[in-house]
Amino acid sequence: MVATPTSGKIISYPNKTIDRAELALRCAPFHLALFAKMRWESVSVPKLAGDLGVQSGYTRYPLSELTVESATNWLIKVGMLRREVDGQGLTDSFRLTPLGLKLVEKWEAAGGILAPVGIIDRVRNWIARWLRLPF
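This section reports on the structure supplied with the text.

What counts, and where the lines are drawn
Here the residue index of a chain counts from 1 through its sequence in written order. Whole-chain, interface and lining totals are the exception, using all residues; otherwise, since this is a predicted model, local features are given only for residues with pLDDT of at least 70 and side-chain atom pairs are given and counted only at 80 or more. As a rule here, side-chain values come from all non-hydrogen atoms in the structure, and water together with hydrogens is ignored. Geometry is summarised by axes, namely lines fitted to C-alpha atoms with helices restricted to the contacting stretch, and by angles between N-to-C directions that run from 0 to 180 degrees. Secondary structure elements follow DSSP: runs of H or I no shorter than four residues count as helices, runs of E no shorter than two count as strands, and numbering proceeds from the N terminus. The cut-offs work like this: below 35 degrees is roughly parallel, past 145 is roughly antiparallel, 65 to 115 is roughly perpendicular, and the gaps in between are oblique. It only takes one pair of heavy atoms within 4.5 Å for two residues to be counted as in contact. Residues are sorted three ways: Asp, Glu, Lys and Arg are charged, Ala, Val, Leu, Ile, Met, Phe, Trp, Tyr, Cys and Pro are nonpolar, and all the rest, Gly among them, are polar. Distance thresholds for patches are 9 Å for like charges and 5 Å for nonpolar side chains (Val, Leu, Ile, Met, Phe, Trp, Tyr), applied to residues having over 30% relative accessible area and no salt bridge. Each accessible area is a Shrake-Rupley result for a 1.4 Å probe, and residues are judged covered by the shown protein chains and nothing else. Salt bridge criterion: a side-chain nitrogen from Lys or Arg within 4 Å of a carboxyl oxygen from Asp or Glu. Under the counting rule used here, the positive set is Lys and Arg, the negative set is Asp and Glu, and His together with the chain ends is not counted. Where a charge lies is defined by one atom per residue type, namely NZ (Lys), CZ (Arg), CG (Asp) and CD (Glu). The cut-offs for exposure are 20% and 50% of the maximum accessible area for each residue type, with area from a 1.4 Å probe on protein chains only; residues under the lower value are buried, those over the upper are exposed, and the others partly exposed. Strands qualify as paired when DSSP identifies two bridges or more between them. Aromatic rings from Phe, Tyr and Trp, with only the six-membered ring used for Trp, were paired whenever their centres fell within 6.5 Å, and each pair was classed as stacked if the ring planes differed by under 30 degrees, edge-to-face if by over 60, and tilted otherwise. The definition of a nonpolar core used throughout is a set of buried Ala, Val, Leu, Ile, Met, Phe, Trp, Tyr and Cys residues joined through side-chain atoms within 4.5 Å.

## Points about the packing of helix α5 (residues 65–77) against helix α7 (residues 119–131)
Helix packing for two helices is described by the angle between their axes and how far apart those axes are. For the pair α5 and α7, the least separation of the axes is 11 Å and the interaxial angle reads 90 degrees. Taken together, α5 and α7 sit at an angle that is classed as roughly perpendicular. Contact with α5, carried on its side by S70, A71 and W74, involves N125, A128, R129 and W130 of α7 and no other residues of that element. For the contact of α5 with α7, the per-class residue count stands at 4 nonpolar, 2 polar and 1 charged.

## Considering a positive patch on the surface
Residues K16, R20, K77 and R132 make up a contiguous surface patch of positive charge. As for its placement among the helices and strands, K77 is situated in helix α5. Owing to a relative accessible area of 52%, K77 belongs among the exposed residues under this scheme.

## Some words on the sheet that holds strand β5 (residues 89–96)
The strand order across the open sheet built from 3 strands is β3-β5-β4, with neighbouring strands paired in antiparallel fashion. Across the chains shown, the open sheet's two edge strands, defined by having one partner strand only, are β3 (43–44) and β4 (81–86). Taken strand by strand, α5 contacts β4 and β5, and its axis lies near 105 degrees from that of β4.

## Digging into the environment of S70
Mapped onto the fold, S70 is located in helix α5. For S70, a relative accessible area of 28% corresponds to the partly exposed category. What S70 contacts, discounting residues up to four positions off in sequence, is R129 and W130.

## Structural notes on the packing of aromatic side chains
Under the definition given, this model contains 1 aromatic pair. Seen from their ring centres, F30 and F35 are 6.2 Å apart, and the 80 degrees between their planes marks the pair as edge-to-face. For F30, a relative accessible area of 1% translates into the label buried.

## Examining the nonpolar core
In terms of nonpolar packing, the biggest core is built from 32 residues, with F30, L34, F35, M38, L75, M80 and L81 touching the most fellow members. Where this core is concerned, the elements lending two or more residues are α1 (15–27), α2 (32–38), α3 (45–48), α5, β5 and α6 (98–109). Ignoring any residue separated from it by four or fewer positions in sequence, one finds L34 in contact with V43, L48 and Y58.

## Remarks on a nonpolar patch on the surface
A cluster of nonpolar residues, I119, I120 and V123, forms a patch on the protein surface that exposes about 320 Å² of accessible area. Within the secondary structure, I119 is located in helix α7. Looking at I119, the relative accessible area reads 66%, which means it is exposed.

Shown next, in the form of structure tokens:
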């Protein structure tokens, strides 16, 4: 279990939740710089899509808006991100959750390097994401 202080509260996460979120983040088409930025401000889909995402150092390669939406929705489901809300409802922007913040801080403390993703990790992430089966 990992505890995260947020507004004076302690949030505990089961190790299975942390492992799934870490795997999803490592398999995502985004760089750690994006998540570090999300710690301080929300980032919108247009800033992640196409060449702008690559130029900003947020994505590994140009992504379509549909691909960005799909990848960020998966990171929402595993607890890494939340969709930003404004006075009129949901927006196209995302921020870190307390779990996401904890994992980004962990990786930054380790030198900002995410563990490489092997084929077995990608298959496990695919099973969890598309078949909704626990690993």
